[in-house]
Every structure is written in structure tokens, then in C-alpha cells.
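The primary structure of each chain is shown beneath.
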Amino acid sequence: MKSLFAAALLVPVLAFAQATPVGLWKTIDDDGKTAKSLVRISEQGGTLTGSIDKLLDPTAPADARCDKCADDRKDKPVLGLQIIRGVKAEGEGTWGGGEILDPNNGKTYKTRLKPVDGGKRLEVRGYIGAPLFGRTQTWVRAE
């Protein structure tokens, strides 16, 4: 009986954990079909960061570097590169206030993250200025 009660208490905790951006995500290109990489989003002190764990694109060189980056990530290996920085909970199931880097062009954008489908997918919006001026990719939870 105690284990059943403990399990009942654990279910909402697991559901909440899946409704956050924290975890491993398969990035999907703008075409909605092509998997590009695995990005691990982690939380430390209430702030989220995300780094490229694995490149899935068979045409991407394994030793690719962010040669177009203009900040401290310039010429760093793409594998392991931190592409999400400074994101915090904003309420109502969204996280924002940080930035996302596109290693293909070296540009950084403001970002908003929103788990959907019970945390199985993640809407990743990159924008300049206001969220209205940007684009959204939908990533798929990989773990």
C-alpha cells in the first residue's frame, strides 16, 4: 500500500519534469523532417543552457567549427558547443530571456522555449526584437 501511495506521488513529479525544456532533444530543420543534431538542455541555478551533444547530419564534418561565430564561441568545435544561454522560466509553460545561436551562420537570436504535447516536443522560437519577427522549429524529445 505504501509503494502505491509513493508511486501516486511520483507521477506528478515525472509529468512536471517532462514539461520542462530540460533533457535531450533531436533538432529538426525548418523543413520539419530532417534531424540535424541532439541538443542537451540543462538547468543550473534556475538558468537553462543547451549544448550540441551529437551531429546527426551525415554531411556535417565531425570536426566542424563555428568559424562564423563572433563571440567567445568563435572557432570552437560545433560538437559540444553551447547554443542556448541564459534562458529562464517566464511562467505559463514558457522559458525565455536568453539567446540561441545558429552555428551555421554565427548569428544569435533572442529565444523562447515552450514544451508541447506533454513535454514530448519543444517549440524553439528564435527572433530579433519581438517574438513576432522570427521563426519556430519544433524539436523532439530524445530521452
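Summary of the structure given here. (Residues numbered from 1 in each chain as written. Predicted model: local features only at pLDDT ≥ 70, side-chain atom pairs only at ≥ 80, totals over all residues. Heavy atoms only, no water.)

**As for the overall build of the protein**
Step number 1: Tallying secondary structure elements over the protein gives 1 helix and 8 strands in all.
Step number 2: Helices and strands in the protein line up, N terminus first, as α-β-β-β-β-β-β-β-β.
Step number 3: In the protein, which comprises 143 residues, the share counted as buried stands at 33%.
Step number 4: In the protein, of all internal contacts separated by at least 6 residues, the share reaching a separation of at least 24 is 37%.
Step number 5: If you sum the accessible surface of the protein, you get close to 8700 Å²; carbon and sulfur atoms cover 58% of it. (Helix = DSSP H or I, 4+ residues; strand = E, 2+ residues; numbered from the N terminus. Buried < 20%, exposed > 50% of the residue type's maximum accessible area, 1.4 Å probe, protein only. Contact = heavy atoms within 4.5 Å. Areas by Shrake-Rupley, 256 points an atom, 1.4 Å probe, with all protein chains shown as cover.)

**Digging into the state of the cysteines**
Step number 1: A full pass over the atoms with the stated rule returns 1 disulfide.
Step number 2: Through a disulfide, Cys66 is tied to Cys69; the S-S separation comes to 1.7 Å. Its S-S torsion of about 65 degrees marks the bond between Cys66 and Cys69 as right-handed, since a negative value means left-handed. (Disulfide = S-S within 2.5 Å.)

**A word on unusual backbone geometry**
Step number 1: Although it is not a glycine, Glu92 sits at a positive phi angle of roughly 55 degrees.
Step number 2: Counting through the fold element by element, Glu92 comes out in the loop between strand 4 (82–91) and strand 5 (94–102).
Step number 3: For Asp117, which is not glycine, the phi dihedral falls at a positive 55 degrees.
Step number 4: Considering the arrangement of structural elements, one finds Asp117 in the loop between strand 6 (107–116) and strand 7 (121–127).
Step number 5: For Asp117, a relative accessible area of 47% puts it in the partly exposed group.

**Observations concerning the pattern of salt bridges**
Step number 1: Throughout the structure, instances matching the rule amount to 10 salt bridges.
Step number 2: A salt bridge links Asp57 to Lys36; its shortest N-O distance comes to 3.4 Å. Separated by 21 residues along the polypeptide, Asp57 in the loop between strand 3 (47–55) and strand 4 and Lys36 in strand 2 (residues 35–44) bring together distant segments of the chain.
Step number 3: Taking the shortest distance from any N to any O, the salt bridge between Arg73 and Asp71 comes out at 2.6 Å.
Step number 4: Looking at Arg73, the relative accessible area reads 2%, which means it is buried.
Step number 5: On the accessibility criterion, Asp71 (31% relative accessible area) is partly exposed.
Step number 6: Each of the salt bridges in this network shares a partner with another, and the network as a whole consists of Asp29, Lys36 and Asp57. (Salt bridge = Lys/Arg side-chain N within 4 Å of Asp/Glu carboxyl O.)

Any functional reading would require information beyond the geometric quantities listed.
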